[in-house]
Amino acid sequence: MSSLSKRTPTRNMLLFSGRAHPTLAKEVADLLEIEVVPTTAYDFANGEIYVRFDESVRGCDAFVLQSHAAPINEAIMEQLIMIDALKRASAKRITVILPFYGYARQDKKHLGREPISARLMADLFLTAGADRLMTVDLHTAQIQGFFNGPVDHLLAMPILTRHVKKRYGKKDLAVVSPDAGRIKVAEQWANALGGAPLAFIHKTRDPRKPNESKANRVVGDVTGRVCILVDDLIDTGGTIVQAAEALMADGAEDVVIAATHAVFSGPAVDRLKNSTACEVIVTNTLPIEDEKRFDKLTVLSIAPLLAQATAAVFEEGSVTSLFKS
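Since the structure is predicted, the reported quantities are computational estimates derived from the model, not experimental observations.

Analysis parameters
Residues numbered from 1 in each chain as written. Predicted model: local features only at pLDDT ≥ 70, side-chain atom pairs only at ≥ 80, totals over all residues. Heavy atoms only, no water. Helix = DSSP H or I, 4+ residues; strand = E, 2+ residues; numbered from the N terminus. Buried < 20%, exposed > 50% of the residue type's maximum accessible area, 1.4 Å probe, protein only. Contact = heavy atoms within 4.5 Å. Pairing = 2+ DSSP bridges. Phe/Tyr/Trp six-rings, centres within 6.5 Å; stacked < 30°, edge-to-face > 60°. Core = buried A, V, L, I, M, F, W, Y, C linked by side-chain atoms within 4.5 Å. Axes fitted to C-alpha atoms, helices over the stretch in contact; angles between N-to-C directions. Parallel < 35°, antiparallel > 145°, perpendicular 65-115°, else oblique. Left-handed = near helix turned anticlockwise from the far one by under 90°. Nonpolar A, V, L, I, M, F, W, Y, C, P; charged D, E, K, R; others polar. Arc of directions from axis to C-beta.

K.L.:
So, the environment of A118: which residues are in play, and what are the values?
P.N.:
Along the chain, A118 falls in helix α4 (residues 117–128). On the accessibility criterion, A118 (0% relative accessible area) is buried. Here the alpha-carbon distance between A118 and D107, two residues eleven residues apart in the chain, equals 5.1 Å. Apart from residues lying up to four places away in sequence, A118 is in contact with Y101, Y103, A104, Q106, D107, I143 and F146.

K.L.:
How would you summarise the pairing of strand β11 (residues 226–234) if you had to cite specific residues and measurements?
P.N.:
Two faces make up the sheet, and in a regular strand the side chains alternate between them. Judged by how many residues are buried, β11 sits mostly within the fold: nine of nine residues are covered. Pairing between strand β8 (residues 173–177) and β11: four bridges, direction parallel. When the sheet's bridge partners are listed, A174 is paired in β11 with C227. Relative to strand β12 (residues 254–262), β11 runs parallel, the two sharing eight bridges.

K.L.:
A description of the packing of aromatic side chains should follow, citing residues and the corresponding values.
P.N.:
A ring pair, where both rings are aromatic, is described by two values, the distance of the centres and the angle of the planes. Evaluation of the coordinates by the stated rule reveals five aromatic pairs. Centroid distance F44 to Y50: 6.4 Å. Interplanar angle 80°. Geometry classified as edge-to-face. Through successive ring pairs, a cluster of aromatic residues spans Y42, F44 and Y50.

K.L.:
Describe the side chain of S17, and please don't skip the residues or the numbers.
P.N.:
Within the secondary structure layout, S17 lies in strand β1 (residues 13–17). Contacts of S17, omitting those with residues within four sequence positions, involve P22, A25, V36, L65 and M82.

K.L.:
Before we move on, could you go through the pairing of strand β7 (residues 151–154) and cite the residues and values that matter?
P.N.:
Judged by which residues are buried, β7 turns out to be covered on both faces: V151 and H153 on one side and D152 and L154 on the other are all buried. Looking at chain direction, strand β6 (residues 132–136) and β7 are connected through four bridges and run parallel. Counted as the bridge partner of L133 is V151 from β7.

K.L.:
So, the nonpolar core: which residues are in play, and what are the values?
P.N.:
Of all hydrophobic cores here, the largest spans 44 residues; its most connected members are V28, W189, I228 and L306. It is helix α9 (residues 303–314) that contributes the most residues to this core, nine residues altogether. Beyond its immediate sequence surroundings of up to four residues, I228 is in contact with V164, L173, A174, V175, V176, W189, L193, V256 and A258. In this structure, V57, A91, L98 and A118 belong to the second largest nonpolar core, which totals 33 residues.

K.L.:
Which residues make up unusual backbone geometry, and what values go with them?
P.N.:
Backbone phi values are negative for most residues with the exception of glycine, while trans is the configuration of most peptide bonds. The residue after A70, namely P71, is reached through a cis peptide bond having omega -5°. By the secondary structure assignment, P71 is in the loop between β4 (61–65) and α3 (72–88). Of note, S90 is a non-glycine position whose phi angle comes to about 70°, a positive value. Along the chain, S90 turns up in the loop between α3 and β5 (93–98).

K.L.:
Please provide a residue-by-residue account of the packing of helix α2 (residues 22–32) against α9, values included.
P.N.:
Running from N to C, α2 and α9 point in directions that differ by 55°, and their axes come no closer than 9 Å. Compared by their axis directions, α2 and α9 come out oblique. Like other packed secondary-structure pairs, α2 and α9 cross with a definite hand, here right-handed. In this structure, α2 uses L24, E27, V28, L31 and L32 to contact α9, whose residues at the interface are A303, P304, L306, A307, T310 and A311. When the residues that make up the contact of α2 with α9 are grouped by side-chain class, the tally is nine nonpolar, one polar and one charged.

K.L.:
Explain α2 residue by residue, including any values.
P.N.:
Taken together, the buried positions of α2 are L24, A25, V28, A29 and L32. End-on, the buried residues of α2 take up no more than an arc of 135°, which puts them together on one face. Contacts made by the buried residues of α2 are with β1, β4 and α9. Trailing α2 by a residue or two, E33 shows a phi angle of about 60°, which is positive.

K.L.:
Describe in detail the sheet that holds β1, supporting the description with residues and values.
P.N.:
Read from one edge to the other, the open sheet built from five strands follows the order β1-β4-β5-β6-β7, with strand pairing classed as parallel. Because the sheet does not close on itself, it has two edges, and the strands there are β1 and β7. Sheet twist, expressed as the mean angle between neighbouring strand axes with direction ignored, is 20°. In this structure, β5 lies alongside β6, joined through four bridges in parallel fashion. Paired with L98 across the strands is T135, a residue of β6. Where α2 meets the sheet, its contacts fall on β1 and β4, and the angle it forms with β1 comes to roughly 165°.

These results come straight from atomic positions and should not be treated as a statement about function.
Here it is, written out as structure tokens:
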């Protein structure tokens, strides 16, 4: 009994990865100087998912990384099953790392009898056993309030602006929001780029037609400027490519598209490749297969940010301090 009473409990950080984006998990693990926990995961013939961790997780501080890449529902379900397995195996604390939060665009009701699926997602993670969420560039910041627990909302903007400053810092810049709804984010970009002027694209969207909108006109002066067109994600690419065309038609010298999440569904790659933009800058919050890469695409790594935030959470440090200039 005496030897047991003298034991000092030690916390143990363990990083777990689903099958959606193992490359990113490996990169984060390397930066943290740990290994991703070996996991057995496979699908049954009917599509059900099986997960088992190949080593003890009792009492650990668990970090479960899974980006919600296509097929998105399988990625989400696998992560929920991993959380449940950790909870039942007596992990001490479970932090869910969501580089891309699935269903984030369904954060409110536009029409009657619609779901608020972003809230449902938060409820699912809480029910599965998550103690904390860590995510990057939510579609709207209000989603943080959907989860009844701590949420670390990480921002990719410093990574993106660093690249833009290095490559275009000597040019006359303008920061452009693809719609009026993201003007606040564009303001933050403008401040980070030394007070560059702001503009936005006035567009119309039919809520009954997903992935469709029409860029109508540019609000703001972009003549002779390199326009940094900023958004949280690029899905089919229609909106952002139309916006780039509208800017060039309005006298912009060039257009640089910058977005955090490269969803790249359907015709996105062809649209971006053939667009008037001179560069498309994204991060690797989602996996980008070789066939979806093209000459003017620049992919920046989000792994250093995730690793820093993971270390801060594990050491009970400040995550907010990561964004102080």
